[in-house]
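Examination of the molecular architecture
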Amino acid sequence: MENRGFSELGDMSPGEFRRVGHQFIDWIADFREHLDEIPVLPAVRPGEVRKRLPDQPPPEGDDFDAILSDVERIIMPGMTHWNHPAFLAYFSITGSGPGILGELLSAAFNINAMLWKTCPSATELEQQVLDWLRQMLGLPSDFWGIVYDTASVSSLHAIAAAREYQSHLQIRRKGMAGRPRLPRLRLYTSEQAHSSIEKAAIALGIGLEGVRKIPVDAQFRMRPERLRQAIREDRQRGWLPFCVVATVGTTSTTSIDPVSRIAPICREENLWLHVDAAYGGAAAIVPEMRHVLEGCDQADSIVVNPHKWLFVPIDFSAFYTRKPEVLRRAFSLVPEYLKTSEDPNVENLMDYGIQLGRRFRALKLWFVIRYFGVQGLVERIRQHLEMARRVVRWIEADPDFELMAPVPFSTICFRAHPRGVDDETTLESLNQALLEQIHATRKVFLSHTRLKDRFVLRLAIGNLHTRRKHLEHAWTIIRKSLQDLHS
Ligand SMILES: *Cc1c(COP(=O)(O)O)cnc(C)c1O
């Protein structure tokens, strides 16, 4: 072992870092090159990975070869490979080459961008790269952006800003508890909204009863007339409506709420309009898909996750608001030791959120946009949309399968519905068994949802390594699994 004497209690030496680093990049390059030769799903039982790890931490250091060999021996067998081309579950994502290198550099710099002064490049790159992304998405220039870790946290900040926007309630200062004259706040979102909206309501003292779920139409989109009706009803009953969360690309079916019809209602009623476009927003960089964000120029805030469909390694959530001063009012609290002489002239990003410390996340989005270019990103998303249309054609052409929802993006909801089998209970158990059977191969990973009380399979395309051959293979496995179950 090099440089492990007690005379020098420093870090890994430059020489060792260089040697191990080269070896490590080679390992990652091999992993990426050969990923589709190994199963996407692991074959471990619960507790099996942990059992292979020592009960106690190592008293003495190990060399890196030993550590890397344990990655192969202990960690790899328990991996669900999200970067695998046959990962078609949930929303398929990509830790792309430039994105991985961005993460590496960010760890090497290890800055904390809480204040402009604590790393000017991090704050300024973040603001500029988010402005690039804003332009790519076709959002107006009065949208101000900040990076949070996830869409759940972005939406939490949006709803906190929406609450602060009702400034007469003085919730920042007085809180909500023990105030009998404080009206109960109500937030509106569709039945198909992501669970993070309800979680935010729990965290912000709105409570689950403070979230009113608006019914959707046959294509799973929020019905604006029902929203209007609900707000009117609630006001009559003494609730205080304060926020609407619309979704562009819902989690189950990727349906698109009619934001351009919801926005005027919010304006008339003085409600904050937040748009959750965590997955679907990215598609708006494609000119012929720009319409998915129609009406979002009138929103107060919007979230898009580059870690979902813009090839940035998790985590990276881009949050935009036209009222950054309200967000700042909700969260800014500056103790003496964090005051700087530049404060009047700079953006201190810690003022716009719960967290003080902030990673240098902007590097990885910058690398991704620089490396692929806007046109390259557009073409990649276009290719995913095209591959999804192909899979839709296979499903439509197969008499034993049926499509269960429209496909506005690259996520497909379908199920097996063999000829002559029309009993819903049978179809339910058949499709559940089908998903199990597909996963037992470990070669393709799909997920499921429930639509109109039916068990539905979901296939999401969004990984840069997914090619037509992977989808053909997945479709073969799906059909073969059905044959095995139903013959
Ligand atoms: C994925 C998703 C989320 C949650 O995203 P995180 O970044 O994991 O918090 C929220 N809303 C929608 C519509 C999503 O697709």
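These figures come from a predicted structure and were not determined experimentally. (Residues numbered from 1 in each chain as written. Predicted model: local features only at pLDDT ≥ 70, side-chain atom pairs only at ≥ 80, totals over all residues. Heavy atoms only, no water.)

Digging into the overall build of the chain
Here is the rule: Elements are defined by DSSP. Helices are runs of H or I of four residues or more, strands are runs of E of two residues or more, and each kind is numbered from the N terminus. With the radius of gyration taken over C-alpha atoms, the globule rule is written as 2.2 Å times the number of residues to the power 0.38. Accessible area is worked out with a 1.4 Å probe on protein chains only. A residue is then buried under 20% of its type maximum, exposed over 50%, and partly exposed in between. Using a 1.4 Å probe, the Shrake-Rupley method yields the accessible areas, and only the shown protein chains count as cover for residues. Note on charges: Lys and Arg go in the positive column, Asp and Glu in the negative column, and His and the chain ends are not counted at all. In this description, the location of a charge corresponds to atom NZ of lysine, CZ of arginine, CG of aspartate or CD of glutamate.
Secondary structure summary: the chain contains 15 helices and 11 strands in total. Here the C-alpha atoms of the chain give a radius of gyration of 25 Å, agreeing with the 23 Å that 2.2 N^0.38 yields for 487 residues. Seen through its C-alpha atoms, the chain measures out along the principal axes to roughly 75 × 70 × 45 Å. When the 487 residues of the chain are sorted by exposure, 50% land in the buried category. Summing over all exposed atoms, the chain offers an accessible surface of approximately 23500 Å²; the carbon and sulfur share of this is 52%. Computed over 61 positive and 60 negative side-chain charges, the inter-centroid distance for the chain is 6 Å.

Topic: the packing of helix 4 (residues 97–109) against helix 13 (residues 362–397)
Counted only if it meets this: The axes are straight lines fitted to the C-alpha atoms, using for helices just the contacting stretch, and the angles between their N-to-C directions are given from 0 to 180°. Take the far helix as the reference: if the near one is turned anticlockwise from it by less than a right angle, the crossing is left-handed, and if turned clockwise, right-handed. We call two residues in contact whenever any of their non-hydrogen atoms come within 4.5 Å of each other. When residues are grouped by polarity, Ala, Val, Leu, Ile, Met, Phe, Trp, Tyr, Cys and Pro land in nonpolar, Asp, Glu, Lys and Arg in charged, and all others, Gly among them, in polar.
Closest axis-to-axis distance for the helix 4/helix 13 pair is 8 Å, and the angle between their directions is 145°. Of the two possible hands of crossing, helix 4 and helix 13 adopt the one that is right-handed. Contacts between helix 4 and helix 13 involve Pro-98, Gly-99, Leu-101, Gly-102, Glu-103, Leu-105, Ser-106 and Phe-109 on the former and, on the latter, Leu-363, Lys-364, Phe-367, Val-368, Tyr-371 and Phe-372. Class assignment for the residues of the contact of helix 4 with helix 13 results in nine nonpolar, three polar and two charged.

Some details on the site of the ligand
Our working definition: Any residue with a heavy atom lying within 4 Å of a molecule or strand is counted as near it. Throughout this description, a polar contact denotes any pair of N or O atoms lying within 3.5 Å of each other; where both atoms belong to protein, one of them has to be capable of donating a hydrogen while the other can accept it, and for residues adjacent in sequence the pair is counted only when both atoms sit in side chains. Space inside and on the surface of the protein is sampled on a 1 Å grid over the protein atoms alone, with a cavity defined as a set of points where a 1.4 Å probe fits but cannot get out and a pocket as an open set with protein on both sides within 12 Å along at least 5 of 7 lines; lining residues have an atom within 4 Å of a point. The rule for placing a molecule in a cavity or pocket is simple: more than half of its atoms must lie within 2 Å of the grid points.
Close to the ligand lie 15 residues, the nearest being Ala-151, Ser-152, Asp-276, Asn-305 and Lys-308. The contact in question runs from an oxygen atom of the ligand to an N or O atom on the side chain of Ser-152, over 2.5 Å. Contact between the ligand and Lys-308: an oxygen atom at 2.9 Å from a side-chain N or O atom of the residue. Taking 390 Å² as the accessible area of the ligand by itself, protein coverage stands at 88%. More than half of the atoms belonging to the ligand lie within 2 Å of the grid points that define the second largest pocket.

Quick notes on the environment of Pro-215
Mapped onto the secondary structure, Pro-215 falls in the loop between strand 3 (211–214) and helix 9 (224–236). Residues Pro-215 and Thr-250, 35 residues apart in the sequence, show an inter-C-alpha distance of 14 Å. Once residues within four sequence positions are removed from consideration, Pro-215 is found in contact with Glu-191, Arg-221, Met-222, Arg-223 and Arg-226.

Looking at the pattern of salt bridges
Quick reminder of the rule: Think of a salt bridge as a Lys or Arg side-chain nitrogen and an Asp or Glu carboxyl oxygen that are within 4 Å of each other.
Applying the stated rule across the entire model yields 38 salt bridges. We note a salt bridge from Asp-217 to Arg-221, for which the minimum N-O separation is 2.9 Å. Residue Arg-221 is classed as partly exposed on the basis of its relative accessible area of 31%. Among the ionic pairs, Arg-468 bridges to Glu-472, the shortest N-O distance being 2.8 Å.

Regarding the layout of surface pockets
Taking a probe equal in size to a water molecule and rolling it over the atoms shows the remaining empty space. Here is the rule: Grid points are joined across faces, edges and corners, and a volume is the space filled by probe spheres set on the points.
Volume-wise, the largest pocket comes out at about 880 Å³. If you trace the largest pocket, you find 30 residues lining it, with Phe-24, Ile-28, Phe-31, Ile-100 and Glu-103 closest to the centre. When contributions to the lining of the largest pocket are tallied by element, the ones reaching two or more residues are helix 1 (14–34), helix 3 (64–75) and helix 4. The element that contributes the greatest number of residues to the lining of the largest pocket is helix 1, accounting for nine residues. In terms of residue class, the lining of the largest pocket is built from 22 nonpolar, six polar and two charged. The computed volume of the second largest pocket comes to approximately 430 Å³. The residue inventory of the lining of the second largest pocket, partitioned by class, reads nine nonpolar, 10 polar and three charged.

Section: the packing of aromatic side chains
Put simply, the rule is: Here a pair means two rings of Phe, Tyr or Trp (six-membered ring of Trp) with centres within 6.5 Å. Their orientation is stacked below 30 degrees between planes, edge-to-face above 60, and tilted elsewhere. Criterion for a charge above a ring: Arg CZ or Lys NZ at most 6 Å from the ring centre, at most 35 degrees from the ring normal.
Summed over all chains, the structure comprises 22 aromatic pairs. Seen from their ring centres, Phe-311 and Phe-372 are 6.4 Å apart, and the 75° between their planes marks the pair as edge-to-face. Remark: Phe-372 occurs in helix 13 and Phe-311 occurs in the loop between helix 11 (306–309) and strand 7 (317–321); sequence separation between them is 61 residues. Exposure remark for Phe-372: the relative accessible area of 14% places this residue in the buried category. Taken together through their ring pairs, the aromatic side chains of Trp-82, Phe-87, Tyr-90 and Phe-445 make up a single cluster. Between Arg-186 and the ring centre of Trp-239, over which it is positioned, the NZ or CZ distance is 3.7 Å. In this structure, Lys-323 is placed above the aromatic ring of Trp-272, and the distance from its NZ or CZ to the ring centre is 5.7 Å.

Concerning the domain arrangement of the chain
Applicable threshold: The split into domains, and so the bounds of each, comes from an automatic or database assignment of domains.
Parsing the chain into structural domains produces domain 1 (14–33 + 42–79) and domain 2 (112–359). On a C-alpha basis, the centroid separation for the pair domain 1 and domain 2 is 39 Å.

Details of the sheet that holds strand 3
Rules: Note on pairing: DSSP must find at least two bridges between two strands before they are called paired.
Pairing in this open sheet of seven strands is mixed, and the strands run 1-7-6-5-4-2-3 from one edge to the other. Of all strands in the sheet, those with a lone pairing partner are strand 1 (144–148) and strand 3, marking the two edges. Each strand of the sheet is rotated relative to its neighbour by a mean of 20°, with strand direction disregarded. As judged from the five bridges shared by strand 4 (residues 240–247) and strand 5 (residues 272–276), these two strands associate in the parallel manner. For Thr-247, the partnering residue across the bridge sits in strand 5 and is Asp-276. Against the sheet, helix 9 touches strand 2 (185–190), strand 3 and strand 4, its axis set at about 150° to strand 3.

Topic: the packing of helix 14 (residues 424–440) against helix 15 (residues 468–485)
We apply this condition: Note that the term roughly parallel is reserved for angles under 35 degrees, roughly antiparallel for angles over 145, roughly perpendicular for angles of 65 to 115, and oblique for everything else.
Here helix 14 crosses helix 15 at 125°, and the two axes come no closer than 9 Å. When the interaxial angle is binned, helix 14 and helix 15 end up oblique. Of the two possible hands of crossing, helix 14 and helix 15 adopt the one that is right-handed. Residues Leu-430, Ala-433, Leu-434, Gln-437 and Ile-438 of helix 14 lie in contact with helix 15, whose contacting residues are Ile-477, Ile-478, Ser-481, Leu-482, Asp-484 and Leu-485.

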